[in-house]
Amino acid sequence: MGQKNIENKLLLWNGIGVPRNDKKIYAEDYYCVKCQRDGKEIPAESFYGLNDPDATSPPYCKSCVKKLEMEYWIYVSEHPFK
């Protein structure tokens, strides 16, 4: 893991991200966007989203990713492709 070029504190997601010295953006540098909206400061663990793979997805904690995945599969099961 490369050294952070930011202070040792978590950041709020701005939709773009702040790259480290290796020019990569890491989810663990941010708070989970869903938890942060709820007033909790939970570190994110991964980027997640069903958008364009070339676009940066928001960072979420493990718990929120599991919830989002479950919501997705419930939606898919209730709305089958025709």
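All of these numbers come straight from a predicted model, not from anything done at the bench. Within every chain, residues take consecutive numbers counted from 1 along the sequence as written. Reporting of local features is limited, given that this is a predicted model, to residues whose pLDDT is at least 70; pairs of side-chain atoms are given and counted only at 80 or more, and all residues count toward the totals for whole chains, interfaces and linings. Neither water nor hydrogens contribute to the side-chain values; these are computed over all heavy atoms in the structure.

1. Some details on the packing of aromatic side chains
Put simply, the rule reads: For Phe, Tyr and Trp, rings pair up if their centres lie within 6.5 Å, where Trp contributes its six-membered ring, and each pair is then called stacked (planes under 30 degrees apart), edge-to-face (over 60) or tilted (otherwise). Strands are runs of DSSP state E lasting at least 2 residues, helices are runs of H or I lasting at least 4, and numbering of each runs from the N terminus. Each residue's exposure class comes from its accessible area (1.4 Å probe, protein chains only) as a fraction of the maximum for that residue type: buried when under 20%, exposed when over 50%, partly exposed otherwise. In our convention, an over-ring charge means Lys NZ or Arg CZ found within 6 Å of a ring centre and within 35 degrees of that ring's normal.
Evaluated as defined, the whole model comprises 4 aromatic pairs. Arranged with centres 5.1 Å apart and planes meeting at 85°, the rings of Trp13 and Tyr30 form a pair that is edge-to-face. Taken together, the positions of Trp13 in the segment before helix H1 (33–37) and Tyr30 in the segment before H1 put the pair 17 residues apart, joining distant regions of the chain. On the basis of relative accessibility, which here comes to 19%, the residue Trp13 falls in the buried class. With a centroid separation of 6.5 Å and 80° between ring planes, the pair formed by Tyr48 and Tyr60 is classed as edge-to-face. Of this pair, Tyr48 sits in the loop between strand S1 (46–47) and strand S2 (59–60) while Tyr60 is found in strand S2, placing the two residues 12 residues apart along the sequence. Chaining the aromatic ring pairs together yields one cluster made of Trp13, Tyr30 and Phe47. Sitting over the ring of Tyr26, Arg20 keeps its end group 3.8 Å from the ring centre.

2. Considering the environment of Ile16
This is how it is decided: By the convention used here, residues are in contact when the closest approach between their heavy atoms is within 4.5 Å.
One can find Ile16 in the segment before H1. Residue Ile16 is classed as exposed on the basis of its relative accessible area, which comes to 59%. In this structure the C-alpha to C-alpha distance between Ile16 and Thr56, which are 40 residues apart in sequence, comes to 6.8 Å. In contact with Ile16, not counting residues within four places along its chain, are Ile25 and Thr56.

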